[in-house]
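This is what each chain is made of:
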Amino acid sequence: MTLTLRSTNSFLKGLRSFKASEEFPNLVCIARIRPSYRVRAISSLQAEHFTPEKMVLEGRCSDKWEKLHELTGHLHTNDSKVPVFVMLPLDTISTGGSLNKPRAMNASLMALKTAGVEGVMVDAWWGLVEKDGPMKYNWDGYVELVQMVQRHGLKLQVVMSFHQCGGNVGDSCSIPLPPWVLEEIDNNPDLVYTDKSGRRNPEYISLGCDSLPVLKGRTPIQVYSDYMRSFREKFKDYLGKVIVEIQVGMGPCGELRYPSYPESNGTWRFPGIGEFQCYDKYMKASLQAAAEAFGQQEWGRNGPHDSGQYHQYPEDTGFFRREGTWKTPYGQFFLEWYSAKLIEHGESILGAAHGIFKDTGAKLSGKVAGIHWHYKTRSHAAELTAGYYNTRDRNGYLPIARMFAKYEVVLNFTCMEMKDGEQPDHANCSPEGLVQQVKLATQTAGADLAGENALERYDTSAFGQVLATSKSQTGSGLSAFTYLRMNKRLFEGDNWRHLVEFVKSMSEGGQNERHSAKDLSRTGLYVGFLKEKSIQKNEQALV
């Protein structure tokens, strides 16, 4: 996503005017904010829900309860502060390996610092850093960014992005896997995830070959580990100080999941159930071995034949319908194998990351997708195809949370801004119920939980929902929240004001619902692209 900060009519209306220099004609202005309404933290559980007599986090519950994971009660006020980070554009580092638009980035970081954010997040793309050949790393652009972030007194979250950029929601640029990796894929297409129609997905290396030396003599896990070690050595003086968190990518979009709902070329569209991704030769060999060990050799010949197609709904299929194949012994065997392979993949990468970064002072985190469509159905079909064995009868997030806790990894979860009432009825969504289930799972497992918004939102309703979900009945809320994403729209008048109000509310544990009319937090500011000789004079104009 290219960041271009330009003054707009909505942004400049009623604000001070500043004369732009000839060298920097596009001036960014962020003026004194006098909000006229509140960012309200509305409980995500106001809707009527069923109340189980006993909350069961694992295993089966009585058929009396149609919806195992829908919870009841009201969130209590939590005094703990939640630091807010902001995601930087996807193309913060150019294809040549340098920092994109450094002057615009400098101005943006200045604005974010004055707004009270804790820091920013950036993707460290595998396809950029190691593109020149195996173990030939170029971190130059990231060094420049880290130093700029440090100068502004901000913190940095860095994502080890081992996936392709392009083809999913919000992807505004294209960054494929390293060329030498793509060569290996050309020679052996089974290195990437494959669906039952034989469609290959180049977003991420299939976890079926995690332990095989298929990448120029190294296994994928070895390649990811070498990459992380290179990062650690390059930035050892910043880890734990400026770089406070390493988010470890474990799948498409950096999330621990299968690429079951790819949007590229219209393969999938919301709210389709998606498809299982277990048809490369390595995954098929694993399934066959698991079936033989289970004593049911015929179950390992292929994936489910009745699981439908990407665009379909659960009731259109034999596998996912109300009393479908997913409930049979075969269905349970397959889903347990499919989800266990995903957790095993997470264990391999997070175990390696824990060993590499354990003494650096930086936190580790990993991302789990918020697949909220068809959540209200019995089978939770969209979650199943993504690898989350979460159904009416089974909690699929508790094993994941326990794996994260084992390696002291923060579980980062999406869709924190969504409300059930905003979703179309036919999609059977419940983002609120899903978020509450994941919160309970992390609390039970002893893992920290952090959050993100799934879609770009600038409205008070979305921010208010995040405020509500950032708290907990037990007093332990989110450890951090990362806002998606910094772009030119964020700095427009109302959008910027809403962000500043939100950051302040999160920093005060949700106690502050609006800024005072006098703006005592001094969040009003202007940021310009300034000539060096004018910096001191212009800084005096900050209010």
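Residues numbered from 1 in each chain as written. Predicted model: local features only at pLDDT ≥ 70, side-chain atom pairs only at ≥ 80, totals over all residues. Heavy atoms only, no water.

On to the UniProt feature "binding site: substrate" (unreviewed entry) in the chain, then. UniProt tags Asp123, His163, Asp171, Lys367, His372, Thr414, Asn453, Ala454 and Arg485 as "binding site: substrate" (unreviewed entry). As for its placement among the helices and strands, Asp123 is situated in strand β2 (residues 119–125). Residue Asp123 is classed as buried on the basis of its relative accessible area of 15%. Leave out the neighbours within four places in its chain, and Asp123 touches Leu90, Tyr142, Val159, Ser161, His163 and Arg485. Among the structural elements, His163 can be located in the loop between β3 (155–161) and α5 (179–187). Residue His163 is classed as buried on the basis of its relative accessible area of 6%. (UniProt positions renumbered as here; feature names shortened; annotations may be inferred. Helix = DSSP H or I, 4+ residues; strand = E, 2+ residues; numbered from the N terminus. Buried < 20%, exposed > 50% of the residue type's maximum accessible area, 1.4 Å probe, protein only. Contact = heavy atoms within 4.5 Å.)

As a further point, take the sheet that holds β3. Read around the closed barrel, 8 strands run β1-β2-β3-β6-β7-β8-β9-β10, paired in parallel fashion. On average, each strand axis in the sheet is inclined to that of its neighbour by 30°, with strand direction left out of account. Across the sheet, helix α6 (residues 220–234) is in contact with β2, β3 and β6 (243–248); its angle to β3 comes to roughly 155°. (Pairing = 2+ DSSP bridges. Axes fitted to C-alpha atoms, helices over the stretch in contact; angles between N-to-C directions.)

Quick look at the UniProt feature "active site" (unreviewed entry) in the chain now. The feature "active site" (unreviewed entry), as annotated in UniProt, sits at Glu255 and Glu452 in this numbering. For this annotated set, covering 198 residues, all C-alpha atoms fall within 12.3 Å of each other, a compact arrangement in space. Of note, Glu255 is situated in the loop between β6 and α7 (281–294). Those residues in contact with Glu255, other than ones at most four positions away along the chain, are Met250, Tyr261, Lys367, Ala369 and Thr414.

This brings us to unusual backbone geometry. Among all residues save glycine, negative phi is the norm, and among peptide bonds the norm is trans. Note that the residue after Phe270, namely Pro271, is joined by a cis bond; omega there is 0°. Within the secondary structure layout, Pro271 lies in the loop between β6 and α7. In this structure, Arg485 follows Leu484 across a cis peptide bond, with omega equal to 5°. Here the phi dihedral of Lys216 falls at roughly 55°; this positive angle occurs in a residue that is not glycine.

Another aspect to go through is α5. Here α5 has its buried residues at Trp180, Val181, Glu184 and Ile185. An end-on view of α5 places all buried positions within 150° of arc, on one side of the element. In this structure, the buried side of α5 is in contact with α3 (126–129), β4 (192–194), β5 (200–205) and α6. (Arc of directions from axis to C-beta.)

Let us now look at the nonpolar core. Counting 140 residues, the largest nonpolar core has Trp126 and Ile246 as its most contacted members. Considering each element in turn, this core owes the most residues, 12 residues, to helix α8 (residues 329–357). Dropping the residues within four chain positions of it, Ile246 is found in contact with Val158, Met160, Phe231, Leu239, Phe357, Ala362, Lys363, Leu364 and Ser365. (Core = buried A, V, L, I, M, F, W, Y, C linked by side-chain atoms within 4.5 Å.)

To continue, consider the pattern of salt bridges. The final tally for this structure, using the stated rule, is 17 salt bridges. A salt bridge links Glu130 to Arg218; its shortest N-O distance comes to 3.1 Å. You can see Glu130 sitting in the loop between α3 and α4 (140–151) and its partner Arg218 sitting in the loop between β5 and α6, a full 88 residues away along the chain. As far as the burial class goes, Glu130 and Arg218 line up, both buried. Here Arg257 makes a salt bridge to Glu255, at a shortest N to O gap of 2.6 Å. Shared partners join several salt bridges into a network, and the residues in it are Glu130, Arg218, Asp226 and Arg229. (Salt bridge = Lys/Arg side-chain N within 4 Å of Asp/Glu carboxyl O.)

Of all 6 residues in strand β7 (residues 363–368), 5 are buried, a share of seventy percent or more. As judged from the 5 bridges shared by β7 and strand β8 (residues 409–413), these two strands associate in the parallel manner. Looking across to β8, one finds that Val368 is bridged to Phe413.

This part covers the pairing of strand β9 (residues 449–452). A two-sided burial pattern is seen for β9, the buried positions comprising Leu449 and Gly451 on one face and Ala450 and Glu452 on the other. As paired elements, β8 and β9 share 3 bridges and run parallel to each other. In the strand pairing of β9, Leu411 is matched with Leu449. Once you follow β8 into helix α11 (residues 431–445) and on to β9, the crossover reads as right-handed. As defined by bridge partners, β9 adjoins strand β10 (residues 481–483) across 2 bridges and the pair is classed as parallel. Counterpart to Glu452 in the pairing with β10 is Thr482. (Right-handed = clockwise from strand over helix to strand, strands pointing away.)

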